[in-house]
Amino acid sequence: MMKGLVESLKRLFAGGKVTEERLARMVDAGTITAEEKAYIVGGDEKGA
């Protein structure tokens, strides 16, 4: 649904600009799903 945001976060995470803690807060706030967070940190699309 928010693929653009997720892809941007993935690039930022890979570059060290976004921490895993920040992503966890985004999950808690409902900005991204746990599956999207797993994709961002793990790199496996559909791998949650």
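Everything discussed here concerns the structure shown above.
Given the structure is predicted, the values throughout are model-derived calculations rather than measurements.

Basis of the calculations
Residues numbered from 1 in each chain as written. Predicted model: local features only at pLDDT ≥ 70, side-chain atom pairs only at ≥ 80, totals over all residues. Heavy atoms only, no water. Helix = DSSP H or I, 4+ residues; strand = E, 2+ residues; numbered from the N terminus. Areas by Shrake-Rupley, 256 points an atom, 1.4 Å probe, with all protein chains shown as cover. Axes fitted to C-alpha atoms, helices over the stretch in contact; angles between N-to-C directions. Parallel < 35°, antiparallel > 145°, perpendicular 65-115°, else oblique. Left-handed = near helix turned anticlockwise from the far one by under 90°. Contact = heavy atoms within 4.5 Å. Nonpolar A, V, L, I, M, F, W, Y, C, P; charged D, E, K, R; others polar. Core = buried A, V, L, I, M, F, W, Y, C linked by side-chain atoms within 4.5 Å. Buried < 20%, exposed > 50% of the residue type's maximum accessible area, 1.4 Å probe, protein only. Arc of directions from axis to C-beta.

Caption draft 1: Spatial organisation of the overall build of the chain. Scanning the chain from N- to C-terminus turns up three helices and zero strands. Listing the helices and strands of the chain from first to last along the sequence gives α-α-α. For the chain, the exposed area adds up to about 3400 Å²; of that, 53% sits on carbon and sulfur atoms.

Caption draft 2: Main features of the packing of helix α2 (residues 20-29) against helix α3 (residues 34-42). Two elements in contact, α2 and α3, have axes whose closest approach is 9 Å; the angle formed by their N-to-C orientations is 165°. Compared by their axis directions, α2 and α3 come out roughly antiparallel. Crossing of α2 over α3 shows right-handed handedness. Across the interface between the two elements, Glu20, Leu23, Ala24 and Val27 of α2 pack against Ala34, Lys37, Ile40 and Val41 of α3. Looking at the contact of α2 with α3 residue by residue, the classes come out as six nonpolar, no polar and two charged.

Caption draft 3: The nonpolar core, seen in detail. Core analysis: the largest hydrophobic core is formed by eight residues, namely Val6, Leu9, Val18, Leu23, Met26, Ile32, Tyr39 and Ile40. Of all the secondary structure elements, the ones that give two or more residues to this core are α1 (3-14), α2 and α3. Once you skip the residues sitting within four places of it in the chain, Leu9 turns out to touch Val18, Leu23, Met26, Ile32 and Ile40.

Caption draft 4: Structural detail: α3. Glu36, Lys37, Tyr39 and Ile40 are the residues of α3 that are buried. Seen from one end, α3 has its buried residues packed into an arc of 160°, which puts them on one side. For α3, the secondary structure elements touched by its buried residues are α1 and α2. In the segment just after α3, Gly43 is the residue with positive phi, at about 85°.

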